[in-house]
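Secondary and tertiary structure notes
Here is how the chains run, residue by residue.
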Amino acid sequence: MAFIFLGNAQINKIIQSGFWANLEGTMDREYLHMSLFLEEPNNKIIGSFCKAKEDRVFPLEGRLISKDSIVFQTIDGTVPQLIFSGNFWEDGKGFYYIRGIATRGASIETSPFKIQHIQSSFGSAVRKYGEFKQTTEEVEDFMQRTKEALLQGDSIFIANNIRYPITFIINSKKLPIRHPKEFLAHFKDIVSPELRRSLQQYHTHHLFSNHSGAMFGNGEIWISAYSPKTGGLGDIKITSIH
């Protein structure tokens, strides 16, 4: 599967050395999530993409050809070839996109696509989440385990992986929790049916991240490796559940 994006000098607004660019958008009404990273000095592009309703991730690899174009392809040969041809575009309001036409293999079947640059976060090829000492896979695996624990009612895992003290909002009131036993006593109040329904709508790839850590979905879960005790990076812990 090969991807070709043809654009203009606005590429530097989306793809910057040392930063992961997260993009979201549609291809023929199907919602996609994509992350791209530029490795210099060889202008190598790595990344991945997935469909919004699927957990499967397709790794990407390619090269920045010039300031006007990049070419990259999946390194998973189990899917039909798909070629994207598009341009970099700014809408005049400060939002940047890649948009164009996707062609499926050697066929004449095409689909329009438009992917918006959502966020860029500092990182490296193996550490997409720069605010963590863990690898990309370790961060996303922890988030996946947390999601599964909340859906399956595994209160012990959640209690043992929270950074205390922590405050929850229950019925519009603050509930401070200082230790695992306290959390377990309020687990059913904290993990509501509404939260479980919301968790089912999102996957744990291409997480939003900043200095506060990494976020799942629309903020249902936040995790962080920052240790207030040492002022450095340590084990991944849950810092918020909404």
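Residues numbered from 1 in each chain as written. Predicted model: local features only at pLDDT ≥ 70, side-chain atom pairs only at ≥ 80, totals over all residues. Heavy atoms only, no water.

**Examining the overall build of the chain**
Basically, it comes down to this: Put simply, DSSP marks the helices as runs of H or I at least four residues long and the strands as runs of E at least two long, and each gets a number from the N terminus on. To get the radius of gyration, use the C-alpha atoms; to get the globule rule, take the number of residues to the power 0.38 and multiply by 2.2 Å. We call a residue buried when its accessible area falls under 20% of the maximum for its residue type, exposed when it is over 50%, and partly exposed in between, using a 1.4 Å probe and counting protein chains only. A contact between two residues is defined here by any heavy atoms of the two lying within 4.5 Å.
A tally of regular secondary structure across the chain gives five helices and 15 strands. The globule rule puts the C-alpha radius of gyration for 242 residues at 18 Å, and the 20 Å found for the chain is close to it. If one aligns the C-alpha atoms of the chain with their principal axes, the spans along those axes are about 60 × 40 × 35 Å. The 242 residues of the chain split such that 46% are buried. By sequence separation, contacts in the chain at least 24 residues apart represent 49% of the contacts at least 6 residues apart.

**Things to note about the layout of surface pockets**
Which entries qualify depends on this criterion: Buriedness of a pocket was judged along seven lines, with at least five required to meet protein on both sides within 12 Å; pockets are open sets of points on a 1 Å grid over the protein atoms alone, cavities are sets where a 1.4 Å probe fits but cannot get out, and lining residues have an atom within 4 Å of a point. Grid points are joined across faces, edges and corners, and a volume is the space filled by probe spheres set on the points. Three categories are distinguished: nonpolar for Ala, Val, Leu, Ile, Met, Phe, Trp, Tyr, Cys and Pro, charged for Asp, Glu, Lys and Arg, and polar for the others, with Gly belonging to the last.
Space inside the largest pocket adds up to approximately 330 Å³. Forming the walls of the largest pocket are 20 residues, and the residues nearest its centre are Glu-24, His-33, His-206, Phe-208 and Gly-217. Class assignment for the residues of the lining of the largest pocket results in nine nonpolar, 10 polar and one charged. If you add up the space inside the second largest pocket, you get close to 250 Å³. Every residue lining the second largest pocket is counted, 13 residues in all, and those nearest its centre are Ser-48, Val-57, Thr-136, Glu-137 and Glu-140.

**Some details on the packing of aromatic side chains**
Operational definition: Stacked, edge-to-face and tilted are the three classes for Phe, Tyr and Trp ring pairs, Trp counted by its six-membered ring, which pair at centre distances within 6.5 Å; planes under 30 degrees apart are stacked, over 60 edge-to-face, the rest tilted. Whether a charge sits over a ring comes down to the Lys NZ or Arg CZ being within 6 Å of the ring centre and within 35 degrees of the ring normal.
According to the stated counting rule, one finds 10 aromatic pairs in the structure shown. With a centroid separation of 6.1 Å and 75° between ring planes, the pair formed by Phe-19 and Phe-122 is classed as edge-to-face. On the criterion of sequence distance, the pair formed by Phe-19 in strand S2 (residues 19–27) and Phe-122 in strand S9 (residues 110–122) is long-range, its members being 103 residues apart. Taken together, Phe-168, Phe-183 and Phe-187 form an aromatic cluster joined through their ring pairs. Its guanidinium or amino end placed over the ring of Trp-89, Arg-99 lies 3.9 Å from that ring's centre, counting from NZ or CZ.

**Some points on the nonpolar core**
The condition that has to hold: Definition used in this section: a nonpolar core is a set of buried Ala, Val, Leu, Ile, Met, Phe, Trp, Tyr and Cys residues joined via side-chain atoms within 4.5 Å.
Residues Phe-132, Val-139, Ile-158, Phe-168, Phe-183 and Ile-223 are the most contacted members of the largest nonpolar core, which totals 31 residues. With five residues, the top contributor of residues to this core is helix H1 (residues 136–152). Apart from the residues within four sequence positions on either side, Phe-168 is in contact with Ile-162, Lys-173, Lys-174, Leu-175, Ile-177, Phe-183, Ile-190 and Ile-241.

**Observations concerning unusual backbone geometry**
For the bond running from Glu-40 to Pro-41, omega is 10°, close enough to zero to count as cis. When you line up the elements, Pro-41 lands in the loop between strand S3 (30–39) and strand S4 (44–51). In this model, Tyr-164 is joined to Pro-165 through a cis peptide bond whose omega is -5°. Mapping Pro-165 onto the fold places it in the loop between helix H2 (155–160) and strand S10 (166–170). Of note, the phi angle at Asn-171 is positive, near 55°, even though the residue is not glycine. If you trace the backbone, Asn-171 turns up in the loop between S10 and strand S11 (173–177). Taking relative accessible area as the criterion, Asn-171 reaches 69% and is therefore assigned exposed. Positive phi, normally seen in glycine, also occurs at Ser-172, with a value near 70°.

**A closer look at the environment of Trp-20**
For the record, the criterion: Distance and chemistry together define a polar contact, namely a pair of N or O atoms within 3.5 Å, with one atom able to donate a hydrogen and the other to accept it when in protein, and with adjacent residues in sequence counting only for side-chain atoms on both sides.
In this fold, Trp-20 is placed in strand S2. Exposure remark for Trp-20: the relative accessible area of 7% places this residue in the buried category. When the C-alpha atoms of Trp-20 and Ser-85 are compared, they prove to be 21 Å apart, with 65 residues separating the residues in sequence. A distance of 2.9 Å separates the side chain of Trp-20 from the backbone oxygen of Ser-124, its partner in a polar contact.

**As for the environment of Gly-153**
Along the chain, the position of Gly-153 falls in the loop between H1 and H2. Residue Gly-153 is classed as partly exposed on the basis of its relative accessible area, which comes to 32%. Considering only alpha carbons, one finds Gly-153 and Thr-103, 50 residues apart in sequence, at a separation of 44 Å. Dropping the residues within four chain positions of it, Gly-153 is found in contact with Phe-187 and Arg-196.

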